[in-house]
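# Analysis of the macromolecular model
One letter stands for each residue in the lines below.
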Amino acid sequence: MMVPESLRDLDWELPHTFLGLDESASDFGAAGVVILPVPYESTTSYGGGTSAGPRAILESSRYIELYDQELGSEPWELGIATLPQLQLTGAGAGAAMGELRSAYDRVLAAGPDKFVIALGGEHSISGPLIQSWVDRLGGERLTVLQFDAHTDLRPKYEGTRHSHASVMHQVHESVDIVAVGIRSLTSDEARLAEGRDNIRVFYADDIHTGEEWLDEVVGALGDNVYITFDVDCFDPSLVPSTGTPEPGGLSWYPVLRLLRRVFEVSTVRAVDVVELAPVPGLHAPDFLVAKLIYKMIGYRFR
Ligand SMILES: [Mn+2]
């Protein structure tokens, strides 16, 4: 609610918006950035809890320092609007993904020049969002830069093609995929990736032992990039709060170094950040994910 003018000087808690921004800094019309929380969870196969991800990200974001020391700037000044959580139907994954697609299209239409960051929720939400950008760009090619422990290239998983484990298979014929941090996949997925020119996989062990990967990732990107960031890309020592924590993941600074370069060389059209499954009492991973999002906003508008 709007606090009456006569009560403004009392010591109220920060609003439950990204960074705790007040009404003027989070006004949709004026904002350069829009946060779209999508707490959708239906096909989780191991640890659950991603439906609580967006709220945990927003909550912890309120404690982030607004000044970005690396960039020497205050990226929040662009204005960051936080939409309410988008509820999707329980009438099956196919219907829910259709609903998400039309809601996302309407958000993009309401703010055509805004940088939209969707917060999951499970990874399946990325399918309709990526497809939306493929359609918007017409003939222009889209590169999906996927941060993930898993390739998610299964045609189907547990009976549905709308699974979190199939999300990249859904779009692999219409986009170029550059996957970073991968360390868990099936032999079929490995064969599919190797057999296609439009899929590049950067395995976590190569990233840990080599230096060239960063230039190679950047070199593999096209002009238009969509970033889908599954937080299980990070090592579980940093982010244990995820459905399928795989050992040997990426650490904070290599990810930031790559992101900074990506935002320099390509136009990043939109972002989603998925698969945070908050553990009660363990707030470091929630904070890390919130700060990752703030870093991307800073890089985008540098
Ligand atoms: Mn994953």
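This text gives an overview of the structure that appears in the document. Since we're looking at a predicted model, the values are computed, not measured.

## Concerning the overall build of the protein chain
Along the protein chain, the regular secondary structure elements total nine helices and eight strands. Relative to the 2.2 N^0.38 estimate, which gives 19 Å for 302 residues, the radius of gyration of the protein chain is 18 Å and therefore close to what a compact globule would have. Seen along its three principal axes, the alpha-carbon backbone of the protein chain occupies a region of about 65 × 45 × 45 Å. For the protein chain, with 302 residues in total, the buried portion stands at 48%. Within the protein chain, contacts between residues at least 6 apart in sequence are counted, and of these 77% link residues at least 24 apart.

## Notes on the nonpolar core
Counting 86 residues, the largest nonpolar core has Ile35, Leu36, Ile80, Ile117, Val273 and Ile293 as its most contacted members. For this core, the leading source of residues is helix α9 (residues 284-300), giving eight residues.

## A look at the pairing of strand β5 (residues 176-182)
A large share of β5 lies buried, amounting to seven of its seven residues. With five bridges connecting them, strand β4 (residues 142-147) and β5 associate as parallel partners. Within β5, the position partnered with Phe147 by the bridge is Val180. Of the pairings in the sheet, the one linking β5 to strand β6 (residues 199-203) comprises five bridges and is parallel in character. Paired with Val180 across the strands is Phe202, a residue of β6.

## Description of the packing of helix α2 (residues 93-110) against helix α3 (residues 126-136)
Close contact between α2 and α3 brings their axes to 9 Å; oriented N to C, the two are set at 45°. Considering the angle they form, α2 stands oblique to α3. Handedness of the crossing formed by α2 with α3: right-handed. Of α3, the residues touching α2 (which contributes Met97, Leu100, Arg101, Tyr104, Asp105 and Leu108) are Gly127, Pro128, Leu129, Gln131 and Ser132.

## Side note on the sheet that holds strand β7 (residues 224-230)
The eight strands are arranged β2-β1-β3-β8-β7-β4-β5-β6 in an open sheet whose pairing can be described as parallel. This sheet does not close on itself; its edge strands, each paired only once, are β2 (80-82) and β6. Pairwise comparison of adjacent strand axes, ignoring direction, gives a mean angle of 15° for this sheet. Two elements, β4 and β7, share six bridges in a ladder whose sense is parallel. Counted as the bridge partner of Gln146 is Thr228 from β7.

## Looking at helix α1 (residues 53-61)
Within α1, the full set of buried residues consists of Gly53, Pro54, Ala56, Ile57, Leu58 and Ser61. The elements touched by buried residues of α1 are β1 (33-38), β2, β3 (115-120) and α9.

## As for α9
An α-helical segment advances 3.6 residues per turn. Residues three or four places apart therefore align on the same side. In this model, α9 (17 residues) spans 24 Å end to end at C-alpha, consistent with the 24 Å of a helix rising 1.5 Å per residue. Of all 17 residues that make up α9, 13 are buried, and the element is covered over most of its length.

Rules used in this analysis
For every chain, the first residue of the written sequence is number 1, and numbering continues from 1 along that sequence. Local features in a predicted model are, by the rule used here, given only for residues with pLDDT of at least 70; side-chain atom pairs are given and counted only at 80 or more, and totals for whole chains, interfaces and linings are based on all residues. Strands are runs of DSSP state E lasting at least 2 residues, helices are runs of H or I lasting at least 4, and numbering of each runs from the N terminus. Here the globule rule is a power law, 2.2 Å times the number of residues to the power 0.38, and the radius of gyration is based on C-alpha atoms. Labels follow a simple rule on C-beta atoms placed from the backbone: if 20 or more others lie within 10 Å of a residue's own, it is buried; if 12 or fewer, it is exposed; otherwise it is partly exposed. Whether two residues are in contact depends on their C-beta atoms, placed from the backbone: they are in contact if these lie within 7 Å. Residues of type Ala, Val, Leu, Ile, Met, Phe, Trp, Tyr and Cys that are buried and joined through C-beta atoms within 7 Å form what is called a nonpolar core. Strand pairing follows a simple DSSP-based rule, namely that at least 2 bridges must link the two strands. Helix axes are fitted to C-alpha atoms over the stretch in contact, other axes to C-alpha atoms as well, and angles between N-to-C directions run from 0 to 180 degrees. Each angle gets one of four labels, with under 35 degrees taken as roughly parallel, over 145 as roughly antiparallel, 65 to 115 as roughly perpendicular, and the rest as oblique. Crossing handedness: left-handed means the near helix sits turned counterclockwise from the far one by under a right angle, and right-handed means the same turn made clockwise. Expected span of a helix, by definition, is 1.5 Å for each gap between consecutive residues, and there is one gap fewer than residues.

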